[in-house]
Amino acid sequence: MGKWKQKLLFAGLTISGSKIPSKYKDIVRLSGMTSEELRKYQREKLGRCLTEAYKNVPYYHDIFSRLGIINEQNQVNWELYGQIPRLTKDIIRTNFDRIKSNNLNIRGTFANHSGGSTGTPIEIWQDKEYKEWNIANTLFIKSYGNYFMGDRELRLWGSEQDLMKGKDDLSLRIRNKIYGRKELNCFKMSVEDMDNYVKVWNQYKPEWVEAYAQAIYEFALYIKSHSYEMYIPKGIVTSAGTLYPSMRKIIEEVFECKVFNRYGSREVGGIACSCGEEDDLHLSVWNHYVEILDDAMQPVENGEVGRVYITTLNNHIMPLIRYEIGDIARRVEWNHDCAKHPMPLLKGLEGREMSVIFTREGKIIPGEFFIHFIGVVYNTGFIEKFQVIQHDYDDIEIKVKLVDEKEFEKMREKIEEAIRIEMTDEVKIVWTRVDDIPNLQSGKYLYVFSELKRVNV
């Protein structure tokens, strides 16, 4: 039934003038290509992005002219591509009008904003072409879990733009009706809220679930602690935060289905997603060109980590070229063993640069370490909530919301010993008891937060 419902909805969208169905078919076709064919396709699309930016975007016209990136035949000089400077949020704010295209024929332009996880959100202009590719890509990603458009979908989400408008938002109700979607607000996760969400879940019987990684993890922990029986969906896709292995294990155990880990952001859309065959993420090569670079803007060596840089390939009104998104990873790997899809894999994604701990020697300790030892191994139920804050290389503060002070004191030294083994014997660990640890304004929750700015990534 799901396939037929999707065909009917696609037919309706096509009649309305939407190109989402045709772009979805393009993505399905591309996903069947060889890695060599995909490389060629992406290079051609990146070339068009650069030449259009040179022609229509004042900021890039000046940079490309100075560097000689585009020759007299309007072709890209690929030998000079590596000289294109990084694009940061501060540069976008300072050059906002000059980064927008002068082409007034671009259809369906609108303003969007970054999520604000790394500071003040920035405004990004996007267009209909970008939006259609992004929606088609989202539908394709969900097909990893045998999802079809129109399947009953439940979202445990926290988008201020979508959820803070009120119950009478007509466009939201129409969109949810078309997509067969029900929304639960993960900005509200009290005991009473989660009890209600359990009832809604089981009454609605979702075939597919989309959720903030931390929200569905906390929900799963609550369900597990109360031994609730839950309706089993076909799959769950997580976003808006790092999905660590221990989190995925709990979610899959509670809901008895595959969890797909999606990586993206509001300003660039869906970048990559796991396909269910492996933990690494397949890149959406039709939407983005992704680079993992060091401080000198050079590709990182094998085994090293670098910053993630994104070039959007379908946003013509405000193309982002070599945009520093604020995450760290190890590499992009085209040659891999996944038999399901040929798209390259994003390897070693650690998430936000501020969500990992750095040692003085340059070692990176992912948030998973602290979630595992503080939240799982040594937590017998006495810690309800925690957050690790790195003030300096050897200065760690751990905020905790405690349920049982006596149990905490029994385990505190073991937790500190594990941290010192991973970091250094000299690390100072300060515990701060708190009544609550609020989420970020975006609705995301940080288990780990480093105040250090790493200089040798």
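What counts and what doesn't
- Per-chain numbering applies: the sequence of each chain, read as written, is numbered from 1 onward.
- Per-residue local features of the predicted model are confined to residues with pLDDT of at least 70, and side-chain atom pairs are confined, for both listing and counting, to 80 or more; whole-chain, interface and lining totals are unaffected and use all residues.
- To get the side-chain values, take all heavy atoms of the structure and skip hydrogens and water.
- Two rings from Phe, Tyr or Trp (for Trp, the six-membered ring) form a pair when their centres are within 6.5 Å of each other. A pair whose planes differ by under 30 degrees is stacked, one over 60 is edge-to-face, and the rest are tilted.
- A run of H or I in DSSP counts as a helix once it spans at least four residues, and a run of E counts as a strand once it spans at least two, with each numbered from the N terminus.
- Each residue is assigned to one of three classes by its accessible area relative to the maximum for its type, calculated with a 1.4 Å probe on protein chains only: buried under 20%, partly exposed between the two thresholds, exposed over 50%.
- Consider the ring centre and the ring normal. A charge sits over the ring if Lys NZ or Arg CZ is within 6 Å of that centre and within 35 degrees of that normal.
- Working definition: a disulfide is two cysteine sulfur atoms within 2.5 Å of each other.
- Helix axes use the C-alpha atoms of the stretch in contact, all axes being lines fitted to C-alpha atoms, and the angles between their N-to-C directions lie in the range 0 to 180 degrees.
- An angle counts as roughly parallel when it lies under 35 degrees, as roughly antiparallel when it exceeds 145, as roughly perpendicular when it falls between 65 and 115, and as oblique in every other case.
- If you view the pair so one helix is near and one far, a crossing is left-handed when the near helix is turned anticlockwise from the far one by less than a right angle, and right-handed when it is turned clockwise.
- Whether two residues are in contact is decided by their heavy atoms, any of which lying within 4.5 Å being enough.
- Paired strands, in this sense, are two strands between which DSSP finds at least two bridges.
- Think of a polar contact as two N or O atoms within 3.5 Å of one another; within protein, one of them needs to be a possible hydrogen donor and the other a possible acceptor, and neighboring residues in sequence only count if both atoms come from side chains.
- Looking at any residue, its pLDDT shows the predictor's confidence there, from 0 to 100.
- In this scheme, a helix's expected span is set at 1.5 Å multiplied by one less than its residue total.

Enquirer: Account for the packing of aromatic side chains, with residues named and values stated.
Expert: With the rule as written, the count across this model stands at 15 aromatic pairs. An angle of 20° between the planes, with centres 4.6 Å apart, marks the rings of Trp-201 and Phe-255 as stacked. Here Trp-201 is found in helix 10 (residues 191-204), whereas its partner Phe-255 is found in helix 12 (residues 245-255), with 54 residues between them in sequence. Take Phe-255: its relative accessible area is 1%, and that puts it in the buried class. An aromatic cluster of at least three residues, connected via ring pairs, comprises Tyr-197, Trp-201, Phe-219 and Phe-255. In this arrangement the basic side chain of Lys-131 is found over the ring face of Phe-110, its NZ or CZ atom lying 5.6 Å from the centre. Geometry around Tyr-204 places Lys-182 over its ring, the cationic atom sitting 5.4 Å from the centre.

Enquirer: I'd like a description of the state of the cysteines, backed by residues and values.
Expert: This structure, assessed with the given rule, holds zero disulfides. Cys-338 takes part in no disulfide bond, and the closest cysteine sulfur to it belongs to Cys-275, at a distance of 3.7 Å.

Enquirer: Any details on the packing of helix 2 (residues 20-30) against helix 7 (residues 128-142)? Residues and values, ideally.
Expert: The interhelical angle for the contact between helix 2 and helix 7, taken along N-to-C directions, is 55°, at an axis separation of 8 Å. Considering their axes alone, helix 2 and helix 7 lie oblique with respect to each other. Here helix 2 and helix 7 pass one another in a crossing that is right-handed. Residues Ile-20, Lys-23, Tyr-24, Asp-26, Ile-27 and Val-28 of helix 2 form the contact with helix 7, whose participating residues are Glu-129, Glu-132, Trp-133, Ile-135, Ala-136, Asn-137, Leu-139 and Phe-140.

Enquirer: Break down the pairing of strand 3 (residues 153-157) for me, citing the residues and quoting the values.
Expert: In terms of burial, strand 3 is a largely internal element, five of the five residues being buried. Here strand 3 shows no split at all, with Glu-153, Arg-155 and Trp-157 on one side and Leu-154 and Leu-156 on the other all buried. Both strand 3 and strand 4 (residues 181-185) contribute to a ladder of five bridges, which runs parallel. Paired with Leu-156 across the bridge in strand 4 is Leu-184.

Enquirer: Lay out the side chain of Arg-155 with the relevant residues and their values.
Expert: Position of Arg-155 among the secondary structure elements: in strand 3. Looking at Arg-155, the relative accessible area reads 7%, which means it is buried. There is a polar contact of 3.3 Å between the side chain of Arg-155 and the side chain of Glu-183.

Enquirer: Tell me about the confidence of the model for the protein chain, and please be specific about residues and values.
Expert: Averaged over all residues, the pLDDT of the protein chain is 82; the fraction at 70 or higher stands at 86%. Low pLDDT (under 50) marks residues 160-168, which in the prediction has 18 contacts with non-local residues, meaning those over four places away or in another chain.

Enquirer: How would you summarise helix 10 if you had to cite specific residues and measurements?
Expert: For helix 10, with 14 residues, the first-to-last C-alpha span of 20 Å sits near the 20 Å given by 1.5 Å per residue. Those residues of helix 10 that fall on the buried side of the exposure criterion are Met-194, Tyr-197, Val-198, Val-200, Trp-201 and Tyr-204. If you follow the buried residues of helix 10, they end up packed against strand 3, strand 4, strand 5 (208-212), helix 11 (213-226) and helix 12. Among the residues trailing helix 10, Lys-205 stands out with phi positive, at a value near 55°.

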